[in-house]
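# A structural walkthrough
This is what each chain is made of:
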Protein chains: 2
Amino acid sequence: MNKPRYQRRKEDRPQEITAAAFEAFAENGYAKTRVEEVARRAGVSKGLLYLYFKTKEELFKAVIKSVVIRRVDALIDNVATTELSSEEFIRGPLLSFMKQVPGSPVAVVIRLLISEGPRHPDLVEFYYENVVARGLGAITRFVERGIERGEFRHSAISELPHLFLAPMMLSVIWRIIFTNRKLDTDKLMETQIDMLLTQLKT
Amino acid sequence: MNKPRYQRRKEDRPQEITAAAFEAFAENGYAKTRVEEVARRAGVSKGLLYLYFKTKEELFKAVIKSVVIRRVDALIDNVATTELSSEEFIRGPLLSFMKQVPGSPVAVVIRLLISEGPRHPDLVEFYYENVVARGLGAITRFVERGIERGEFRHSAISELPHLFLAPMMLSVIWRIIFTNRKLDTDKLMETQIDMLLTQLKT
DNA sequence: CTGGTTACTGACTCGCTGGTCAGTAAGTAT
DNA sequence: ATACTTACTGACCAGCGAGTCAGTAACCAG
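Each chain carries its own residue numbering, running from 1 in the direction its sequence is written. Following the order in which they are written, the chains are lettered starting with A and the ligands numbered starting with 1. Reporting of local features is limited, given that this is a predicted model, to residues whose pLDDT is at least 70; pairs of side-chain atoms are given and counted only at 80 or more, and all residues count toward the totals for whole chains, interfaces and linings. To obtain the side-chain values, all non-hydrogen atoms of the structure were included, while hydrogens and water were left out.

### Digging into the protein's contact with DNA strand D
What counts, and what does not: Near is defined per residue: the residue qualifies when any heavy atom it owns lies within 4 Å of the molecule or strand. Nitrogen and oxygen atoms within 3.5 Å of one another constitute a polar contact, given that in protein one can donate a hydrogen and the other can accept it, and given that sequence-neighbouring residues count only through two side-chain atoms. A helix here means a DSSP run of H or I that spans at least four residues, while a strand means a run of E at least two residues long, and both kinds are numbered starting from the N terminus.
Around DNA strand D there are 26 residues in total, and A:Lys46, B:Arg8, B:Arg9, B:Ser45 and B:Tyr52 lie nearest to it. Backbone atoms, meaning sugar and phosphate, make up 67% of the atoms of DNA strand D lying within 4 Å of the protein. The separation between a phosphate oxygen of DNA strand D and a polar main-chain atom of B:Gln7 is 3.2 Å. B:Lys10 is positioned such that a nitrogen or oxygen atom in its side chain is 3.3 Å from a phosphate oxygen of DNA strand D. Those elements that provide at least two residues to the surface near DNA strand D are helix 3 (46–52) of chain A together with helix 3 (46–52) of chain B. If you tally residues by element for the surface near DNA strand D, the top one is helix 3 of chain B, at four residues.

Here it is, written out as structure tokens:
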């Protein structure tokens with residue numbers, strides 16, 4: 001009749017807490033989220049949370065890292081190993097990847113970085129190295145591969161992989177600010193890819 | 001010898017306070033900015049600030065509006081009255097306008113909207129109506145004018161004025177997050193405009 | 001069963017900050 | 001001068017939320 005008030009689950013707690021924190025931060029942002037609220041969502045006491053994370057800020061950093069780490073890896077592996085032609089890859093896996101970003105946890109991370117980034121330089125550095133630099137690098141390498149293979153010609157785009165991502169970023173921001181205003185983000189990205197490929201091929 | 005401790009300047013105070021608030025919000029964001037700090041920068045007491053603005057939130061809204069109002073108007077007038085050909089206008093005034101945005105107060109407003117927008121729906125609404133809708137509308141009308149004049153052909157771009165602004169948005173976000181990482185934002189926007197014009201003309 | 005370890009709880013503290021208001025003095029009318 | 005209005009000050013308050021810690025009970029070894 002007396003079920004224990006709690007179980008000791010030292011291994012799982014950190015993961016559960018960061019997951020709860022991610023949800024809370026996604027809904028209310030960092031500043032407006034109370035640590036106690038995170039604890040409640042994770043089904044633990046505030047005291048326990050402070051056993052695993054020294055401060056709210058450390059929790060924040062752990063959340064960002066937990067979301068970011070695995071995301072880009074998949075795409076980068078894909079770039080390295082694909083059998084597809086450059087155009088097929090861009091219209092296929094790359095476009096699909098970009099389309100799902102605005103609705104994914106990555107969008108939340110971007111929002112948090114915009115709000116809190118300026119106060120966490122080391123976190124920004126981490127994000128740049130592990131996500132942005134690697135992502136842009138992958139695109140650049142892919143475009144250059146296309147050129148070597150004779151699929152693409154040389155153009156300014158080789159040095160501006162950002163142009164592939166610009167409509168994706170706009171879509172992310174749009175979704176964050178204008179949640180109820182519709183925007184055909186897929187069409188936006190497709191059209192941009194069309195333009196870039198036209199430019200790269202002719 | 002006894003200079004007055006303060007002067008009564010009822011007319012100028014609101015403007016001075018919103019200017020001070022803008023600076024403070026720009027540096028630290030909304031949540032981290034103390035009302036007292038705003039008052040200090042404006043050279044007034046906290047009490048006076050609360051005489052002109054009922055709450056911190058109302059002050060915030062006043063700041064956004066004060067920055068936004070006049071900005072877009074100039075561009076829109078320009079669109080309506082220009083004598084330039086469509087291409088000349090796009091490569092000239094429109095491009096110049098976009099290039100200066102990432103370093104302007106508008107970038108700060110965008111950051112604030114991303115952070116605080118979700119908690120201020122009416123402010124977002126205001127911003128959409130007065131800035132985004134009007135800006136996008138102006139670009140759309142301009143593209144259509146080009147088509148009527150036989151300068152441009154029909155294409156998907158007519159319905160996606162956002163593509164003109166996407167690199168600008170990416171530049172804004174980049175500058176906010178990666179303040180020390182360089183990015184040739186001008187080149188980015190120029191190349192996008194080149195691509196769009198190629199698409200519109202051929 | 002028993003004693004020891006430690007994951008876990010939750011009530012508490014304390015600094016911080018949004019907001020108030022009684023009082024003060026700058027300007028003004030007479 | 002004098003009385004009056006009101007822009008302005010700054011000390012104060014209330015409550016909120018990050019971080020603490022003394023105590024509790026789940027689990028385990030012997």
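Resuming the write-up.
### Here's the deal with the packing of aromatic side chains
Residues and elements named next belong to chain A. Using the following cut-off: The criterion for an aromatic pair is that two Phe, Tyr or Trp rings (for Trp, the six-membered ring) have centres within 6.5 Å, with stacked assigned to planes under 30 degrees apart, edge-to-face to planes over 60 apart and tilted to the rest. Three exposure classes are used, based on accessible area relative to the maximum for each residue type with a 1.4 Å probe and protein chains only: buried under 20%, partly exposed in between, and exposed over 50%. By definition, being over a ring means that NZ of Lys or CZ of Arg is both within 6 Å of the ring centre and within 35 degrees of the ring normal.
Under the definition given, this model contains 14 aromatic pairs over all chains. Centroid distance tyrosine 30 to phenylalanine 60: 4.7 Å. Interplanar angle 55°. Geometry classified as tilted. Of this pair, tyrosine 30 sits in the loop between helix 1 (13–28) and helix 2 (35–42) while phenylalanine 60 sits in helix 4 (residues 56–81), and the two are 30 residues apart along the sequence. One exposure class covers both tyrosine 30 and phenylalanine 60, and it is buried. A connected cluster of aromatic rings, assembled from ring pairs, spans Phe25, Tyr30 and Phe60. Note that lysine 65 overlies the ring of phenylalanine 126, its terminal NZ or CZ placed 4.5 Å from the centroid.

### Let's talk about the domain arrangement of chain A
Residue and element names in this part refer to chain A. Note the threshold: Segment limits for the domains were obtained from an automatic or database-derived domain assignment. Any two residues whose heavy atoms approach within 4.5 Å are treated as being in contact. Each of two parts loses accessible area, computed with a 1.4 Å probe, when they are put together; buried area is these two losses added. Residues are grouped as follows: nonpolar covers Ala, Val, Leu, Ile, Met, Phe, Trp, Tyr, Cys and Pro; charged covers Asp, Glu, Lys and Arg; every other residue, Gly included, is treated as polar.
Looking at the assigned domains, one finds that chain A contains domain 1 (1–53) and domain 2 (63–201). Between domain 1 and domain 2, the C-alpha centre-to-centre distance is 32 Å. Listed by partner, the interface residues are ten residues for domain 1 and eight residues for domain 2. Of the roughly 740 Å² buried where domain 1 meets domain 2, counting both sides, 75% is carbon and sulfur surface. Contact with domain 2 buries area across many residues of domain 1, yet Phe22, Phe25 and Tyr30 alone supply 61% of it, more than any other trio. Counting across the domain 1 and domain 2 interface gives one residue pair in polar contact (both at pLDDT 80 or more). Looking at the side of domain 1 that touches domain 2 residue by residue, the classes come out as six nonpolar, three polar and one charged.

### Examining the protein's contact with DNA strand C
Taken together, 25 residues lie around DNA strand C, and A:Arg8, A:Arg9, A:Tyr52, B:Val35 and B:Lys46 are the ones closest in. Those atoms of DNA strand C that come within 4 Å of the protein belong to sugar or phosphate at a rate of 65%. For DNA strand C, a phosphate oxygen lies 3.4 Å from a polar atom in the side chain of A:Lys10. In this structure, B:Lys46 approaches DNA strand C through a side-chain N or O atom, which is 2.5 Å from a base oxygen. If you list the elements that add at least two residues to the surface near DNA strand C, you get helix 3 of chain A together with helix 3 of chain B.

### Topic: the interface of chain B and chain A
Spelled out, the test is: Salt bridges are counted wherever a side-chain nitrogen of Lys or Arg sits within 4 Å of a carboxyl oxygen of Asp or Glu.
Opposite the 41 residues of chain B that make contact, chain A presents 41 residues. Interface of chain B and chain A: buried area, both sides summed, is about 3900 Å²; carbon and sulfur atoms make up 74% of it. At the surface where chain B touches chain A, the tally comes to four salt bridges. Here A:Arg181 makes a salt bridge to B:Glu129, at a shortest N to O gap of 3.3 Å. At the level of secondary structure, the elements contributing two or more residues to the side of chain B that touches chain A comprise helix 1 (13–32), helix 6 (105–116), helix 7 (121–148), helix 8 (162–177) and helix 9 (185–201) of chain B. The leading source of residues in the side of chain B that touches chain A is helix 8 of chain B, at eleven residues. When its residues are assigned to classes, the side of chain B that touches chain A shows 27 nonpolar, seven polar and seven charged.

### A look at the nonpolar core
What counts is decided by this rule: Among the buried residues, those of types Ala, Val, Leu, Ile, Met, Phe, Trp, Tyr and Cys that are joined through side-chain atoms within 4.5 Å form a nonpolar core.
Core analysis: the biggest nonpolar cluster contains 149 residues, and A:Tyr127, A:Phe164, B:Tyr127 and B:Phe164 have the highest contact counts within it. Among the elements that line this core, the one with the most residues is helix 7 (residues 121–148) of chain A, at 13 residues. In this structure A:Phe164 touches A:Ile90, A:Leu94, A:Met98, A:Ile139, A:Val143, A:Ile157, A:Ile193, A:Leu196 and A:Leu200, once residues within four positions along its chain are discounted.

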